[in-house]
Amino acid sequence: MRILVAGDSLGLPRPNRINNYSPDETELAVAYENTYSSIVNKNLLEHFKMDPFIEMINRSRRFQTMKNVYEEFTDHLFFYEPDVIIIQVGIVDCWFRESLNGKQMVDKVSFEKYLSNILMLLNMRPLCKLIIIGISPTSKKMEKKFVGINSEIRLYNEILKAHVDNKNVFYVDMEKHVDSEQTQRYLLPDDHHLNRDGNKLVAEQLICILKGFIFTNLGIQKHNKGKSREALNYFTKSFKEYPMNTDNICNLLIIYYEIKDKVEMNLLIDYVKDNNIKDKEISGIISVFEMENNNSF
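Residues numbered from 1 in each chain as written. Predicted model: local features only at pLDDT ≥ 70, side-chain atom pairs only at ≥ 80, totals over all residues. Heavy atoms only, no water.

Participant: Please explain the overall build of the chain as it appears in this structure.
Facilitator: The helix and strand inventory of the chain stands at 11 helices and 7 strands. For 297 residues, the compact-globule formula gives about 19 Å, and the C-alpha radius of gyration of the chain, at 21 Å, lands near that figure. Dimensions along the principal axes, computed over C-alpha positions, put the chain at roughly 65 × 40 × 35 Å. Counting the 297 residues in the chain, one finds 49% classified as buried. (Helix = DSSP H or I, 4+ residues; strand = E, 2+ residues; numbered from the N terminus. Rg over C-alpha atoms; globule rule 2.2 N^0.38 Å. Buried < 20%, exposed > 50% of the residue type's maximum accessible area, 1.4 Å probe, protein only.)

See below:
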């Protein structure tokens, strides 16, 4: 699995004082090994022992916007040929700029347009998954200086979340974890770059999703060879890592039907209904099962 990160400076190493950095600085605020991409890469390599092959490519750049990601997305998608692309931008786009008389570098209409264009390109390689990392809220201190900035962050995040289907496009919701009252837990003193714990947090969320992808792929390989029980083992592991993956839910539904496991089948159907999972393929499978078997095999 080849994983490519297209992000801004939040995905890069960070000195304690970016504008006053000196080479004799004894310890960076975030060293390379503390970045979320490095943590993810190390974890996956240790877990899977190069089987399947894992490769992480970090193409993050400072001051990058959704516009910049779109402009380079053809390279990302077709020349690097990744299995997964992680996009982590937005804070540069939505921040109020004094140099622009309080305007934003990329307004919400343009932000949506560039993201939509990215998704259109992604459709040309439908097996490539996209994971979007949401924008973290900033502090109350920054809110006082840039009035309304957290509301803007929420609106930009809504644009990101609107495209999530947990089939091709997945989402890491930073608003669930970063509290504007206590940003120092996950953010550096500048109130928007990730500190070491913030990078660990992002890495943990990504690892769950990525392990889910890998286990699903391994399960499909086993199922194609007629090894339903081994496939079920991998699909179950995938579900435990990231249960909202709709492709994997479909795989589990099919396997449970094949092996006539009524109990697990009904539990999974209940999970889909309880979590209001909207997916045509899942709904179709459940409808057929319930109609043919009256909820029993």
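Structure shown, so let's carry the discussion forward.
Participant: Quick question: what am I supposed to make of the pattern of salt bridges here?
Facilitator: For side chains bearing opposite charge, pairing can occur when the charged atoms are close. Under the criterion given, the structure shown has 12 salt bridges. The partner of R196 in a salt bridge is E27, with the nearest N and O atoms 2.9 Å apart. Of this pair, R196 sits in helix α7 (residues 196-224) while E27 sits in the loop between β1 (2-7) and α1 (36-48), placing them 169 residues apart in sequence. Judged by relative accessible area, which is 30%, R196 ranks as partly exposed. Between K161 and E158 there is a salt bridge, and its shortest N-O distance comes to 3.2 Å. Of this pair, K161 and E158 are both found in helix α6 (residues 149-161), 3 residues apart, which corresponds to roughly one turn of the helix. With a relative accessible area of 27%, K161 lands in the partly exposed category. (Salt bridge = Lys/Arg side-chain N within 4 Å of Asp/Glu carboxyl O.)

Participant: Even after reading the chapter, I still don't get a nonpolar patch on the surface, so can you show me in this structure?
Facilitator: Residues F63, L100 and M105 make up a contiguous nonpolar surface patch of roughly 260 Å² in combined accessible area. Residue placement: M105 occurs in the loop between β5 (103-104) and α4 (108-122). The exposure class of M105 is partly exposed, given its relative accessible area of 36%. (Patch = residues over 30% accessible without salt bridge, like charges linked within 9 Å, V, L, I, M, F, W, Y side chains within 5 Å. Areas by Shrake-Rupley, 256 points an atom, 1.4 Å probe, with all protein chains shown as cover.)

Participant: In this structure, what is going on with the side chain of R14? I would like to understand it.
Facilitator: Relative to the assigned elements, R14 resides in the loop between β1 and α1. Accessibility expressed as a relative area gives 9% for R14, which makes it buried. Here the side chain of R14 touches H193 through a polar contact of 3.2 Å, side chain to side chain. (Polar contact = N/O pair within 3.5 Å; in protein donor to acceptor, adjacent residues only side chain to side chain.)

Participant: Hey, could you run me through the packing of aromatic side chains in this one?
Facilitator: By the definition in use, this model includes 9 aromatic pairs. Ring centres of F111 and Y156 lie 4.9 Å apart, and the angle between their planes is 65°; this geometry places the pair in the edge-to-face category. Of this pair, F111 sits in helix α4 while Y156 is found in helix α6, placing the two residues 45 residues apart along the sequence. Note on accessibility: F111 and Y156 belong to one class, buried. Between F170 and F213, the aromatic rings sit 4.9 Å apart at their centres with planes inclined by 70°, giving edge-to-face as the arrangement. Here F170 is found in strand β7 (residues 169-172), whereas its partner F213 is found in helix α7, with 43 residues between them in sequence. Here the two residues F170 and F213 agree in accessibility, since each one is buried. Here the aromatic residues F48, F215 and Y234 are joined through ring pairs into a cluster of three or more. Across the ring face of Y257, the terminal group of K260 is positioned such that the distance to the ring centre comes to 4.5 Å. (Phe/Tyr/Trp six-rings, centres within 6.5 Å; stacked < 30°, edge-to-face > 60°. Lys NZ or Arg CZ within 6 Å of the ring centre and 35° of its normal.)

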